[in-house]
Amino acid sequence: MGFFKTLFGGKEETADEREEQKEQYNFEVLTYDAMQALRIGKTDYAIACLTRALDIRDDEETRYRLALAYSQKDDLEAAADEYHRLSDMAPDNAAYPLAEADLRFQLEQYDTMQQACQRALDINDQLASPHYLLARLAKVQDDAAAALAHLDQALGAKEDFNEARLLRAEVLKSLGRLDEAEADLDCLMQDSGDDVSDDVLLLKAQVAAAQGHTDEAAALYRQTIDLNPFLATAYLELSKLHRESGRTDEAEAVIAEAIEQLGVSPDDAEALRQGEGIDMEEYMRNAYNVLNPYQLSVKL
């Protein structure tokens, strides 16, 4: 074969070139198999393929797919590590440190999370998301002043950042700055129109109740329940609101509705009637899983 290539002007492949072609072929097969595996939920096999492909060639797109695969497997630590490596590979791409920061927050690795946020801001100091993540951290650490400072920066960079505005309303409410919290919530409701979320409605109800606007709060709690009949907190707080207003029959009716909707046990039902706390969130999850409106195999 080498004689004919030389005779007709062709260049004979070297051993290194043949090995390089073989590795390229293996790399392409492994990445293709990984993509197909991810589509059908074979996450472990996809991770194995992607890891082997990266042994052949350290490729940004392949490592990104590996990070996604680890996230799909709920291996947040491994996913965060991959995003950190991606940050080193593409130091001008702020999406990678932001993804790492979000995962580090979930893992409660707060020092590393702050470093990742700063890394993103070093790339682009006009980004809103790092300030939002740092505000979430400040809220967890009960530093309301720092949370508000970061949220103001986030909203200054991105005025329609609804998650940041909702979080600011929560922090303002916790500080008793109810009028300011109400202003943020009104803005969210106006922007949302008919698609307002249950968490916005619930917080708006809580603020109205704290302001002493009982009828408005009751109407908002009812809207929240109508939108999400599995939100246990709305039933409890509406019942409490009625009871404190002397409307014991209405309070009992709300508890009865919660019992029927969420399947509360007889013992817990009696505790509710006496105003005692129970784990209503567990009932919420159970009721939703029984209904399973989307017929999914994964439970809450």
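As the structure is a prediction and not an experimental result, all values here were calculated from the model.

Participant: For the packing of helix 12 (residues 198-210) against helix 14 (residues 232-244), give the residues involved together with the corresponding values.
Facilitator: Look at helix 12 against helix 14: their axes get within 11 Å of each other, and the N-to-C directions meet at 20 degrees. By the criterion of interaxial angle, the relationship of helix 12 to helix 14 is roughly parallel. Crossing geometry of helix 12 relative to helix 14 is assigned as left-handed. Contacts between helix 12 and helix 14 involve Leu202, Gln206 and Ala209 from the former and Thr233, Ala234, Glu237 and Leu241 from the latter. Partitioning the contact of helix 12 with helix 14 into residue classes produces 4 nonpolar, 2 polar and 1 charged.

Participant: Tell me about the packing of helix 6 (residues 95-106) against helix 8 (residues 129-140), and please be specific about residues and values.
Facilitator: At their nearest, the axes of helix 6 and helix 8 sit 10 Å apart, and the two run at 15 degrees to each other. One finds that helix 6 runs roughly parallel with respect to helix 8. Every pair of crossing elements has a handedness; the one defined by helix 6 and helix 8 is left-handed. Where helix 6 abuts helix 8, its residues Leu98, Ala101, Asp102 and Phe105 lie against Ser129, Pro130, Leu133, Arg136, Leu137 and Val140. Of the residues in the contact of helix 6 with helix 8, the class split is 7 nonpolar, 1 polar and 2 charged.

Participant: Which residues make up the packing of aromatic side chains, and what values do they have?
Facilitator: Taken as a whole, this structure holds 4 aromatic pairs when the rule is applied. An aromatic cluster is present here, built from Tyr64, Tyr83 and Tyr96 joined pairwise through their rings. In this structure, arginine 57 is placed above the aromatic ring of phenylalanine 27, and the distance from its NZ or CZ to the ring centre is 3.9 Å. Positioned above the aromatic ring of phenylalanine 161 is the side chain of lysine 158, whose terminal nitrogen or guanidinium carbon lies 5.1 Å from the ring centre.

Participant: Which residues make up the confidence of the model for the protein chain, and what values do they have?
Facilitator: Caution applies to low-pLDDT regions: their predicted coordinates should not be interpreted in detail. The predicted model of the protein chain averages 88 in pLDDT, with 86% of residues at 70 or higher. Note on residues 293-300: pLDDT is under 50 here. Beyond four places in sequence and across chains, it has 7 contacts.

Participant: With reference to specific residues and values, describe the environment of aspartate 33.
Facilitator: Mapped onto the elements of the fold, aspartate 33 is located in helix 2 (residues 15-39). Note on aspartate 33: relative accessible area 26%, which makes it partly exposed. For aspartate 33, the residues in contact, after removing those within four places along its chain, are Tyr45 and Cys49.

Participant: Just give me the short version of the nonpolar core, but keep the residues and values in it.
Facilitator: Counting residues in each nonpolar core, the largest one holds 48 residues, and the members touching the most others are Leu151, Phe161, Ala164, Leu185, Tyr221 and Leu238. Residue assignment for this core shows that the elements contributing at least two residues are helix 8, helix 9 (144-157), helix 10 (162-174), helix 11 (178-192), helix 12, helix 13 (214-227), helix 14 and helix 15 (248-262). In contact with leucine 151, other than residues within four places in its own chain, are Tyr132, Ala135, Ala164, Leu167, Arg168 and Val171. Core analysis: the next-biggest nonpolar cluster, separate from the first, contains 24 residues, Ala53, Ala69, Ala80 and Tyr96 among them.

The rules behind the values
- Residues numbered from 1 in each chain as written.
- Predicted model: local features only at pLDDT ≥ 70, side-chain atom pairs only at ≥ 80, totals over all residues.
- Heavy atoms only, no water.
- Axes fitted to C-alpha atoms, helices over the stretch in contact; angles between N-to-C directions.
- Helix = DSSP H or I, 4+ residues; strand = E, 2+ residues; numbered from the N terminus.
- Parallel < 35°, antiparallel > 145°, perpendicular 65-115°, else oblique.
- Left-handed = near helix turned anticlockwise from the far one by under 90°.
- Contact = heavy atoms within 4.5 Å.
- Nonpolar A, V, L, I, M, F, W, Y, C, P; charged D, E, K, R; others polar.
- Phe/Tyr/Trp six-rings, centres within 6.5 Å; stacked < 30°, edge-to-face > 60°.
- Lys NZ or Arg CZ within 6 Å of the ring centre and 35° of its normal.
- pLDDT = per-residue confidence, 0-100.
- Buried < 20%, exposed > 50% of the residue type's maximum accessible area, 1.4 Å probe, protein only.
- Core = buried A, V, L, I, M, F, W, Y, C linked by side-chain atoms within 4.5 Å.

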